[in-house]
Amino acid sequence: MRLNIRYLHGQRGSRGSMLVLALFVIVVMAFLGVAMTKLLSTASEAVSYEVLGQRALNAARTGIECQLAVTFPLSDPQPAYCVSPASYSFGDVPGLENCAYNTSVVSKVVQDDLIIKNYYQFTSTGQCIVGKIVVSRTLYIDAML
């Protein structure tokens, strides 16, 4: 009889340990789930900023190219977005939705000994807005003629 009593007593003492272990596993899995959700959300946001940054850079490049085409014309007619090269809003242009650029040109006359040259500094800022997110990129180009 003594063996049976010890056996029953041993089972009663270990009944609650599985419950504690199960609760521990549930809590750890919940923390892992929250951490993974936060990580995926942050990665998704970073990709959004990267895409918008590339779009803003492309808008700024377009502005620089328009200013160069107007300042140093090679052919006519100019593209429609270069008619007024100082600023342009792309509107619903695929790939550049909600993007625009603003450009400026500073020109100086530079004299080196007896040689007179025209120095130009082109600046273009591309900006894309999606909801509350605003991303802009600025490009500078120097030219001498």
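Going by the structure above, here's the rest.
Quantities reported herein were computed from a predicted structural model and do not represent experimental measurements. (Residues numbered from 1 in each chain as written. Predicted model: local features only at pLDDT ≥ 70, side-chain atom pairs only at ≥ 80, totals over all residues. Heavy atoms only, no water.)

Caption draft 1: A look at the state of the cysteines. The final tally for this structure, using the stated rule, is one disulfide. With its sulfur 1.9 Å from that of its partner, Cys99 forms a disulfide with Cys128. Across the disulfide from Cys99 to Cys128, rotation about the S-S bond amounts to roughly 105°, and the bridge is consequently right-handed. Residue Cys99 is located in strand E2 (residues 99–112), and its partner Cys128 is located in strand E3 (residues 115–130); the two are separated by 29 residues in the primary sequence. (Disulfide = S-S within 2.5 Å. Helix = DSSP H or I, 4+ residues; strand = E, 2+ residues; numbered from the N terminus.)

Caption draft 2: A look at the sheet that holds strand E1 (residues 87–89). Spatially, E1-E2-E3-E4 is the arrangement adopted by the four strands of the open sheet, whose pairing is antiparallel. Looking along the sheet, the strands with just one partner apiece sit at the ends: E1 and strand E4 (133–144). Each adjacent strand pair in this sheet contributes to an overall mean axis angle of 15°, direction not counted. Of the pairings in the sheet, the one linking E1 to E2 comprises three bridges and is antiparallel in character. Directly across from Ser89, in E2, lies its bridge partner Ala100. The strands touched by helix H2 (residues 17–71) are E2, E3 and E4; relative to E3, the strand with the most contacts, the crossing angle is about 145°. (Pairing = 2+ DSSP bridges. Axes fitted to C-alpha atoms, helices over the stretch in contact; angles between N-to-C directions. Contact = heavy atoms within 4.5 Å.)

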